[in-house]
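# Remarks on the overall topology
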Amino acid sequence: MDWVAFENDRKFVLEGLRHGEVDYVEHVSEAAEADLFRHLVSRDVLTRLAETYPTPREKEEVPIWLYLASQISLKLHDAAYNAFPYVLRSGGLITALGPNVGRKAVHPDTADVTLACAGFNDKNTNGRQTPCDQDFLRKFARDTNADRLHDWFNREVPRCLRSLKLFDAEGLFLGDASYIFVPDNENYEDSVKLLFDEHNHPVDSKKVDLADKRYQWRRCYKVVSLIHVNRSLDLFLTVAARVVPGNRHECPILYELVDGFVKAVDRGWMKILMVDRGLIDGANIGRLKRDHQVDTVVPLKKNMDAYQDMLGLTRLKDFAWEPYQPPYATRRDQTDRPKHPTLVKRELKRQQTLAKKKGLPPPQPLPQPQTLLGIARGVTSWNDCPVPLTVVINREIDRDGKVDDWILGTTWATFSAGQIRSNYTLRTAIEERHRQYKCFWDLARMPSRKFSLVVCQVLFVLLAYTLLQGHLFLRQRQEMNPRTRRRLLQLLNPTLEVVAVYYQQRFCLLSLGEFATILLELEEEARAKLLPKMKQIRGDVYHLLQNARPP
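Being a predicted model, the structure only gives us computed values, none of them experimental. (Residues numbered from 1 in each chain as written. Predicted model: local features only at pLDDT ≥ 70, side-chain atom pairs only at ≥ 80, totals over all residues. Heavy atoms only, no water.)

## Considerations on the overall build of the protein
What the protein contains, in helices and strands, is 18 helices and 16 strands. Counting over 551 residues, the protein shows a buried share of 49%. A separation of at least 24 residues holds for 70% of the contacts in the protein among residues at least 6 apart in sequence. (Helix = DSSP H or I, 4+ residues; strand = E, 2+ residues; numbered from the N terminus. Buried < 20%, exposed > 50% of the residue type's maximum accessible area, 1.4 Å probe, protein only. Contact = heavy atoms within 4.5 Å.)

Spelled out as C-alpha cells, the structure:
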C-alpha cells in the first residue's frame, strides 16, 4: 500500500459535503500530538528525513516515514516497543495520518478503542490493529548501523530545521557533553565503568580514597551535543549529537560536529559557539574563526598564560572596571543573584518600621552582591590559538565582600564586556535541559544492551524533543518550551472534540455543532446521496468492533 497524503482543504470538503459527497467521516480528539504530526506531514518533514535514512533493509515493505513517525510517537509517550499498539490508541498519530493508514472505532458501551489498519503488504490475512508490527520497529532499529545513524542525524536534522526557518538570526549555539548512566552490566556494548563523585563528576581513582562512600563506580556512555538556542531561551534545538563510550574526550568530537553542521547547512547560520572549560582547544577555536567565521566564547583555565596576563592588567592603576547587572533573583534559593531594588527597599522599610515599634535603632541597608567587568583586546598570550582574543575578567563580590575572579575569552573583536558575559550566561541553560532529557524524557532508559539500540534511543529522544520544540515555537506557543516533560505531556490530552470529514484526498475538521448544522441544512437530494454513505461508514465501524482482537 502506498502512502496517501491528505490536504487540509476546508472549502473543498465542505462543498462536497453540501452535495452529499464524502469518502469517510470519523470523530476524533484534536490533540497536540496529532497537530504535531499533521505539521510534519504538511511540511514534508517525515518524507525528507525518510529519503536519506540509512535503512538496513534491501526491500522496503514498510515505508521509512512510518518508522520515523512511530519512533517519534513512542518517545513522546515514553513507551517501549511492546507498548506501540496502546500508544496508537491513546495518541494522535493515526488521527493525523488519516483513514488510509488506520481507522479508530470506539465501543459505545465500554469506550474501548479498536484500530483497523490495512498495513503495507499483503502478507497478513487477519485484520491488523497497527500499521506495522512493534517487532518490526525493534528489529529495524537494532539492525541500523550506529555510525550511519549518527551521520544521518547530524546532516539531515539541521537541514530540516533550516527548511522550517527555525534558526535564530543571532546564531547562538552551545556545545557540551553529558554522561548517561546504565545498569552495571558489562554486556552494554561500548560502555565503560568510571569513578564518579556525589555530583556525578568523574574523578581519578588514584587521587581519591576509594573507601569514601561519596565515590561510586558507575557504567556509562557520553553524549556530545551541539544545541541551538535563542536569547530568550524559549527555543532549544539539538542540531547534532554523538553517543560515545564514557571515557572518550568530548573535545575533538564537538569540533567535528561543528564542522559537520557547517557542511550540512553552509556558513552564516552559526555565529557564536559557547563551550565550557572541558572543551578548550586553541587550535580548533582559531580554525573555526578563520575557516567558518564562528566566534567561540570559553572560560579560561587558571594555568593559562592569558589568564595570568589578565590578572596582571587588573593591578594597573588605570585599569577600567564597569558594573554589570546580572539577572535579578526570582526564587528564594537564588542567593548568588541580587534582589530587585524595589524588593530591597520595601524590605528595608519593613525592618525599619518593626525596629521603631520595638524601640530599636533602625537597621542599615544590607550590601548586595555585585559584578564588575574588565576587558582587554588583542590578547595573544594563548600560543595554541592562532587568532587574538578579547578577554573579559569577571569580578564577583558577595555580600560579605569576598572577591572571586574568573575570565572569559572570545575570538570576537568588537563585543563589549557586557555582551560577552551575557552571551556566556546562556550556556548554563544546557544543564537544565540535560536534566529534562534524563529525568522527564528518560533519555537513559535503554531498551537493549546493543549499541545500535542505545544510539537509536538517544537520537530519537533528541529528535522528538527538538521537533516538538520547533512545532510549539512555530505555533506561537514557545512559552511552553522551557517546561518539563510532565507539563508538556498535558498538551497531549484532548483539547477539542471534532469531526474529521475526508473527500478526494482532502479533509477538514468540524466541531460537533457545526457538523450537525450542515447536515440539517442539506437539500433533500444531498441527504439522499449522503444517507447510504453514512450507513456504510457506521456498518464498517461496528464490523471493526465485532472482529476486534488483541494486538
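## Remarks on the pattern of salt bridges
Applying the stated criterion across every chain yields a total of 22 salt bridges. A salt bridge links Glu514 to Arg10, with the nearest nitrogen and oxygen atoms 2.1 Å apart. With Glu514 in helix α17 (residues 512-520) and Arg10 in helix α1 (residues 10-18), the pair connects residues that are 504 residues apart, well separated along the chain. Here Arg10 falls in the partly exposed class, since its relative accessible area comes to 35%. Where Asp135 meets Lys139, a salt bridge forms, and the shortest distance between an N and an O atom there is 3.2 Å. Here Lys139 and Asp135 lie together in helix α7 (residues 134-143), a separation of 4 residues that amounts to about one turn. Its relative accessible area of 32% is what places Lys139 among the partly exposed residues. (Salt bridge = Lys/Arg side-chain N within 4 Å of Asp/Glu carboxyl O.)

## Considering helix α9 (residues 250-265)
If you check α9, its first and last C-alpha atoms are 23 Å apart, about what 16 residues at 1.5 Å a residue would give, namely 22 Å. Here α9 has its buried residues at Glu250, Cys251, Ile253, Leu254, Tyr255, Leu257, Val258, Phe261, Val262, Ala264 and Val265. Structurally, α9 contributes buried residues whose contacts are with α8 (146-163), β5 (172-182), β7 (216-229), β8 (236-245), β9 (272-274) and α10 (282-292). Of the residues flanking the end of α9, it is Asp266, one or two places downstream, whose phi is positive at about 85 degrees. (Expected span 1.5 Å × (residues − 1).)

## Regarding the packing of aromatic side chains
Evaluated as defined, the whole model comprises 20 aromatic pairs. A ring pair is formed by Phe136 and Phe140, whose centres lie 5.3 Å apart and whose planes are at 45 degrees; its orientation type is tilted. Taken as a pair, Phe136 and Phe140 lie in helix α7 at a separation of 4 residues, close to a single helical turn. Three or more aromatic residues joined by ring pairs make a cluster, and in this case those are Tyr53, Tyr67, Phe136, Phe140, Trp152 and Phe460. Directly above the aromatic system of Phe12 lies the positively charged group of Arg506, at a separation of 4.2 Å from the ring centroid. (Phe/Tyr/Trp six-rings, centres within 6.5 Å; stacked < 30°, edge-to-face > 60°. Lys NZ or Arg CZ within 6 Å of the ring centre and 35° of its normal.)

## Points about the packing of α8 against helix α15 (residues 451-474)
A pair of packed helices is captured by two measures, namely the crossing angle of their axes and the spacing between those axes. Look at α8 against α15: their axes get within 10 Å of each other, and the N-to-C directions meet at 10 degrees. If you check the angle between α8 and α15, you find them roughly parallel. For the pair α8 and α15, contact is made by Ala146, Leu149, His150, Trp152, Phe153, Val157 and Leu161 and by Phe451, Ser452, Val455, Cys456, Leu459, Leu462, Leu463 and Thr466, respectively. The class makeup of the residues in the contact of α8 with α15 is 12 nonpolar, 3 polar and no charged. (Axes fitted to C-alpha atoms, helices over the stretch in contact; angles between N-to-C directions. Parallel < 35°, antiparallel > 145°, perpendicular 65-115°, else oblique. Nonpolar A, V, L, I, M, F, W, Y, C, P; charged D, E, K, R; others polar.)

## Regarding the nonpolar core
Nonpolar side chains in soluble globular proteins tend to end up buried together. Counting 135 residues, the largest nonpolar core has Tyr53, Tyr67, Leu68, Leu226, Phe261 and Leu273 as its most contacted members. Considering each element in turn, this core owes the most residues, 16 residues, to α15. Contacts of Tyr67, omitting those with residues within four sequence positions, involve Tyr53, Phe136, Leu137, Phe140, Ala141, Cys456 and Phe460. Formed by 21 residues, the second largest nonpolar core is a distinct cluster that contains Tyr24, Ala500, Phe507 and Ile518. (Core = buried A, V, L, I, M, F, W, Y, C linked by side-chain atoms within 4.5 Å.)

## Brief notes about the packing of helix α4 (residues 64-76) against α15
In the contact formed by α4 and α15, the axes pass within 9 Å of each other and the chain directions differ by 85 degrees. Taken together, the axis directions place α4 and α15 in an arrangement best described as roughly perpendicular. Touching Tyr67, Leu68, Gln71, Ile72, Lys75 and Leu76 of α4 are Cys456, Gln457, Phe460, Val461, Leu463, Ala464, Leu467 and Leu468, all from α15. Taken together, the residues of the contact of α4 with α15 sort by class into 11 nonpolar, 2 polar and 1 charged.

## A few points about the layout of surface pockets
Within this model, the second largest pocket holds a volume of roughly 740 Å³. Surrounding the second largest pocket, 24 residues form its lining, Ala177, Ser178, Tyr179, Asn200 and His201 being those nearest its centre. Within the residue set of the lining of the second largest pocket, elements represented by two or more residues are β5 and α14 (429-440). Residue composition of the lining of the second largest pocket, grouped by class: 8 nonpolar, 9 polar and 7 charged. (1 Å grid on protein atoms, 1.4 Å probe; cavity = no way out; pocket = protein on both sides within 12 Å on 5 of 7 lines; lining within 4 Å. Points joined across faces, edges and corners; volume = space filled by probe spheres on them.)

## Things to note about the pairing of strand β14 (residues 403-410)
Moving residue by residue along a regular strand, the side chains alternate between the two faces of the sheet. Most of β14 sits out of view: 6 of its 8 residues are buried. Sheet topology places strand β10 (residues 295-299) next to β14; 3 bridges connect them, and they run antiparallel. Within β14, the residue paired with Val297 across the bridge is Thr410. Between strand β13 (residues 389-397) and the antiparallel strand that follows it, β14, lie 5 residues; Gly401 among them carries a positive phi value of about 85 degrees. (Pairing = 2+ DSSP bridges.)

## Re the side chain of Arg421
Structurally, Arg421 can be placed in helix α13 (residues 417-425). A relative accessible area of 10% means that Arg421 is categorised as buried.

## What about α8?
Helix length check: α8, at 18 residues, gives a terminal C-alpha distance of 25 Å against a target of 26 Å (1.5 Å per residue), a fit within 8%. Each element contacted by the buried residues of α8 is listed here: α3 (45-51), α4, β8, α9 and α15. For α8, the side-chain oxygen to backbone nitrogen distance between the N-cap and Asp147 is 3.0 Å, and the N-cap itself is Asn145. Immediately beyond the C-terminal end of α8, within one or two residues, lies Lys165, with a positive phi of roughly 60 degrees. (Polar contact = N/O pair within 3.5 Å; in protein donor to acceptor, adjacent residues only side chain to side chain.)

## Brief notes about the confidence of the model for the protein
Chain-level statistics for the protein give a pLDDT mean of 83 and a share of 83% at 70 or above. By mean pLDDT, helix α16 (residues 485-489) is the weakest element of the protein at 57, and α8 is the strongest at 96. Overall, residues 544-551 carries pLDDT values under 50, and its contacts beyond four positions in sequence, including any with other chains, amount to 17 contacts. (pLDDT = per-residue confidence, 0-100.)

## Observations concerning the environment of Glu525
Within the secondary structure, Glu525 is located in helix α18 (residues 524-546). We classify Glu525 as exposed; its relative accessible area is 62%. For the pair Glu525 and His19, spaced 506 residues apart in sequence, the C-alpha separation works out to 8.0 Å.

## Thoughts on the pairing of β7
Burial runs high along β7: 11 of the 14 residues are buried. As judged from the 11 bridges shared by β5 and β7, these two strands associate in the antiparallel manner. Each bridged residue has a counterpart across the sheet, and for Ser178 the counterpart in β7 is Val223. Relative to β8, β7 is paired through 9 bridges, and the arrangement is antiparallel. Bridging across to β8, Lys222 finds its partner in Val244. A loop of 6 residues connects β7 with β8, the two strands running antiparallel in sequence, and Leu233 in this loop sits at a positive phi of about 60 degrees.

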